[in-house]
Every structure is written in C-alpha cells, then in structure tokens.
Amino acid sequence: MSEWKERRLEDVVQLKRGFDLATRDRRPGPFPVVGSAGISGWHDEGPVLGPALVLGRAGSSMGVASYYETERFWPLNTSLFVEDFKGNEPRFIFHLFQLTDLTGYNSGSAQPMLNRNYIRDVVFLIPSTEKQRAISDVLKALDDKIAVNDRIARKSREMI
C-alpha cells in the first residue's frame, strides 16, 4: 500500500453536471441517455465521449455510481459525469466510487443533492496506472461473470 498515494478527487477526475434532455425531445439513436438511476433511454446524439461513469446527483441515488462501456453518451442533469479521467483507469475509478460513501456531502435541504464542488477535496488512495489496470482487469472479469450468472438466473426463472 506504500505505493498508493493520497490524491484529492479533483486531481483524480474532472466531474461535470449532466445536461437537460426531456423525454419528448429524445430521438431514436444508438447513444444511451444516462441519469442518476442508470440508462433511461436512447438518443441520436451523444455529446460526451465514453466510457460513461456517472454519479447520481439527487434523491435516493445521490452518490451512486454507474458505469457503461460506450463510445458516446448523453449524461442527464440528474447526474454528475466524469468528463476527464486524468490518466486514470475508468473502471478502477468506477469501483472506487462504488466503495465511497458520499452521503455526508449532501448539499440539499428538502431533497438530498450532490454538488461536485462539495466533494472536490475528498481524498482517495490511488495506485499507479499499471496497478489500476491490473485491478480493473480482475474486477472486469468478476463483473462479467456476475452479469452472466444474472442472465442465467433470469432465464431459469422464465423457463420455470
């Protein structure tokens, strides 16, 4: 662990607030529309390069991380998204956010709200990029296996 360095969130990634896109304004297309609760539809424009790493910005999904391997995507205004990974391994950063409790950074009054300016100084322990890649490879294999097991379980329930 001595190789792992303390780094502030703003030095690890650049977060940005998502964009408005009403359901009525969406046009069929190949790009996922990603909000605080995951993919909520598809659109013919994807203004942000993938992979998509988004954090729920409001309500019960505040601080919840989602990750999608995609070429481009549309992050909704209900989320914060990583605009720049600053040389870090995206999947590693996703799992780092999964393990980080951001509920203490609530900036809302009536509804929980995550403000990127409130979390920019959160400190993470970060290994070298090479170690991030090695860890990510193992985690991806596990994620893929979990996804396969979920599909098998779902198909089994359907067949029963």
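An account of the accompanying structure is given in this report. A quick note: this is a predicted structure, and the numbers were derived from the prediction, not measured.

With that settled, the discussion passes to the nonpolar core. Soluble globular proteins: nonpolar side chains tend toward being buried together. Val13, Leu15, Leu53, Leu55, Ile93 and Phe97 are the most contacted members of the largest nonpolar core, which has 23 residues in total. Those elements giving two or more residues to this core turn out to be α1 (9-12), β6 (52-56), β7 (65-68), β9 (79-84), α2 (90-98) and β10 (123-126). At five residues, the largest contribution of residues to this core is made by α2. For Leu15, the contacting residues outside a window of four places in its chain are Leu9, Leu55, Leu80, Phe81, Val82, Arg116 and Ile119. Counting six residues, the second-largest nonpolar core is a separate cluster that includes Val34, Val48, Ala52 and Val54.

With that settled, the discussion passes to the packing of α2 against helix α4 (residues 129-159). For the pair α2 and α4, interaxial distance at closest approach is 8 Å and the crossing angle is 70°. Relative to α4, α2 is oriented roughly perpendicular. Only Gln132, Ile135, Ser136, Leu139, Lys140 and Asp143 of α4 make contact with α2, whose side of the interface consists of Arg91, Phe92 and His95. Classifying every residue of the contact of α2 with α4 by side-chain character gives three nonpolar, three polar and three charged.

Our focus in this paragraph is the side chain of His43. As for its position among the elements, His43 is in strand β4 (residues 38-43). Polar contacts involving the side chain of His43 include one to the main-chain amide nitrogen of Arg27, which spans 3.0 Å. Setting aside anything within four residues of it in sequence, one finds His43 in contact with Leu21, Asp25, Arg26, Arg27, Pro28, Gly29, Pro30, Phe31, Val33 and Trp74.

What counts and how
Residues numbered from 1 in each chain as written. Predicted model: local features only at pLDDT ≥ 70, side-chain atom pairs only at ≥ 80, totals over all residues. Heavy atoms only, no water. Core = buried A, V, L, I, M, F, W, Y, C linked by side-chain atoms within 4.5 Å. Buried < 20%, exposed > 50% of the residue type's maximum accessible area, 1.4 Å probe, protein only. Helix = DSSP H or I, 4+ residues; strand = E, 2+ residues; numbered from the N terminus. Contact = heavy atoms within 4.5 Å. Axes fitted to C-alpha atoms, helices over the stretch in contact; angles between N-to-C directions. Parallel < 35°, antiparallel > 145°, perpendicular 65-115°, else oblique. Nonpolar A, V, L, I, M, F, W, Y, C, P; charged D, E, K, R; others polar. Polar contact = N/O pair within 3.5 Å; in protein donor to acceptor, adjacent residues only side chain to side chain.

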